[in-house]
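Descriptive structure summary
So you can see what is in the structure, the chains are spelled out below.
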Amino acid sequence: MWIGGQWMDSETGETITVINPANGELVGSVPKGGRTETEQAVRAAEQAFPVWSGLTAADRGSYLKKWAEEIRREREPLARLLTFEQGKPLSEALEEVDAAADFSEWYGEEAKRVTGEILAGSKPKQRILVIRQPVGVAALITPWNYPATMVTRKMAAALAAGCTVVLKPASQTPLTAVFLMQLLEKTGLPPGVANLVTGAASEIGRALMENRSVRKISFTGSTEVGKQLIQSSAGQVKRLSLELGGNAPLIVFSDAEVDRAVKAAVGNKFENCGQMCNGINVIYVHERLVEEFLQQLTERVRSLRVGFGWEPGTQIGPVIDEAGREKVAELVRDAVMRGARVLTGGRLLTDGQLANGTFYAPTVLSDVTYDMRVTQEEIFGPVAPVVSFSDEEEILKRVNDTPYGLAAYFFTRDIQKAFMAAERLEFGMVAVNGTSLSVPQAPFGGIKESGQGREGGHYGMEEFLNIKYISMNL
């Protein structure tokens, strides 16, 4: 753990092992910290806050730009480590590391763009100033599916705003966060500005929520845990940013380009073995196109290469753990029992070199109906359920009928339909004729039970700033 500019073990000497989901082998271990270490980290961040927040924005930004340089310099070893502990193909891990560097660089530049206002007074000698100031110590809790980009997307925004931070990475993938913090240390960042605590999520989470010095929590994870954080934050009215679960639809309207839609659907649905919060959950295809769409989709999915992420040509890695794989298998069994057809996949992969990993075959399901769990629950695995529809008005109502609202995608060549559907879909992010959403300059986040607040862009930095109104009477 990195606390107050020092690397240290846990007070008890206990550790958490990190297992490669592709082969069950040990990757490494990290200290199993708890309340004591968390409180030390918060104190270090609190002590560092006056100096860090007092630096010029340009000075703070310079550290973030140096961090981006260090990440790019260590691009390949960092990506390889990410693949070993998380399972995704090395090609995807390299893309993630590049994105992590991009977020750090972008916020290094955006740090200089925190602005205020001067408003007209209500009386002759009054001047009204509105300024933005950092909230203070921010706790950042990151998930296992994108262990590099989720660190920099949160941390770079917080540091750019002038906050000091305590980072708690997921226990499945903490080694990537450790590597990133080692690279941040190389920038000469002042001690205590950024701190890393690894260990049991429940104990560390409670310590962060109960500590009054922590003014802000940024969390990415399940909706269930997000609701718990909302409840536990009430006592201190602690500020929260939450990016939670989703049930993202892809709608292929009757005038869509099938080739383009299929290619984009596969690129999104099977990225990171389907373990993406804004990933497509269910594909809705107009009945005029569904046969052609299914044929092309099945051919593409059947050709995807499953294997170890570090081997050249691998396109699909393992599900993160056995519990995750079993949930995927359960959802497919439920769908088949209710009448769905498996066009490809639909099974555990346990033969040969895959025997010790948590692999599931890339799957396409047809004849899917709304009563199946696979349309109601977040799959978080390599399964593409396809639903046929006839009424375009009805399908918009249907996909909005969910407690989630993170991301939605659709394909059409009708510009009027594009604007109409984009505005009517009840989701925080909508992509038209494409399935890629995460870029440094755009606000990433959802509505309804998919969360609150945004990451990315100047919106992401505003999450770590307070607005102060100053009335000046001359």
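Below or above, wherever it landed, is the structure these notes cover. These numbers were taken from a predicted model, which means no experiment stands behind them.

What to know about the overall build of the protein
- Broken down by element type, the protein carries 15 helices and 22 strands.
- Radius of gyration (C-alpha) of the protein: 23 Å, near the 23 Å computed for a compact globule of 474 residues.
- Across its three principal directions, the C-alpha atoms of the protein cover 70 × 60 × 40 Å.
- Expressed as a percentage of the 474 residues in the protein, the buried residues total 57%.
- A sequence separation of at least 24 residues applies to 74% of the contacts in the protein between residues at least 6 apart.
- On the protein, roughly 19400 Å² of surface is accessible, and the fraction owed to carbon and sulfur atoms is 49%.
- Treating the 50 positive side-chain charges of the protein as one cloud and the 58 negative ones as another, the clouds have centres 6 Å apart.

Here's the deal with the sheet that holds strand β12 (residues 248-252)
- Reading across the sheet, the seven strands line up as β14-β17-β18-β13-β12-β19-β20 and stay open at both edges, with mixed pairing between neighbours. Lying at the two open borders of the sheet, with one neighbouring strand each, are β14 (341-344) and β20 (429-432). Averaged over all pairs of adjacent strands, the angle between their axes in this sheet comes to 25 degrees, without regard to strand direction.

Thoughts on the packing of helix α3 (residues 75-86) against helix α6 (residues 174-185)
- Contact geometry of α3 with α6 gives a least axis separation of 8 Å together with a crossing angle of 160 degrees. Judged by the inter-axis angle, α3 sits roughly antiparallel to α6. Helix-helix and strand crossings are classified by hand; for α3 and α6 the assignment is right-handed. Residue-level inspection shows Pro-77, Leu-78, Leu-81, Leu-82 and Glu-85 of α3 in contact with α6, the latter providing Pro-174, Leu-175, Thr-176, Phe-179, Leu-180 and Leu-183.

Description of the environment of Thr-375
- Checked against the element boundaries, Thr-375 lands in helix α12 (residues 373-376).
- For the pair formed by Thr-375 and Arg-341, sequence separation is 34 residues and the distance between their alpha carbons is 14 Å.
- A distance of 2.9 Å separates a polar side-chain atom of Thr-375 from the backbone oxygen of Met-372.

Brief notes about the sheet that holds strand β22 (residues 465-473)
- One open sheet holds the three strands; their spatial order is β5-β6-β22, and the pairing between them is antiparallel. Edge positions in the sheet fall to β5 (117-120) and β22, since each of these pairs with one other strand and no more. Strand-to-strand twist of the sheet, defined as the mean angle between neighbouring strand axes without regard to direction, takes the value 25 degrees.
- One ladder, built from nine bridges, connects strand β6 (residues 126-134) with β22; its direction is antiparallel. Its bridge partner lying in β22, Arg-132 is registered against Ile-467.

Focus on the side chain of Asp-255
- Relative to the assigned elements, Asp-255 resides in the loop between β12 and α9 (258-269).
- Here Thr-412 takes part through its side chain, which lies 2.8 Å from a polar atom of the side chain of Asp-255.
- With residues near it in sequence (within four places) discarded, Asp-255 still touches Thr-412, Arg-413, Asp-414 and Lys-417.

Cut-offs applied
- Residues numbered from 1 in each chain as written.
- Predicted model: local features only at pLDDT ≥ 70, side-chain atom pairs only at ≥ 80, totals over all residues.
- Heavy atoms only, no water.
- Helix = DSSP H or I, 4+ residues; strand = E, 2+ residues; numbered from the N terminus.
- Rg over C-alpha atoms; globule rule 2.2 N^0.38 Å.
- Buried < 20%, exposed > 50% of the residue type's maximum accessible area, 1.4 Å probe, protein only.
- Contact = heavy atoms within 4.5 Å.
- Areas by Shrake-Rupley, 256 points an atom, 1.4 Å probe, with all protein chains shown as cover.
- Lys, Arg positive; Asp, Glu negative; His and termini not counted.
- Charge placed at Lys NZ, Arg CZ, Asp CG, Glu CD.
- Pairing = 2+ DSSP bridges.
- Axes fitted to C-alpha atoms, helices over the stretch in contact; angles between N-to-C directions.
- Parallel < 35°, antiparallel > 145°, perpendicular 65-115°, else oblique.
- Left-handed = near helix turned anticlockwise from the far one by under 90°.
- Polar contact = N/O pair within 3.5 Å; in protein donor to acceptor, adjacent residues only side chain to side chain.

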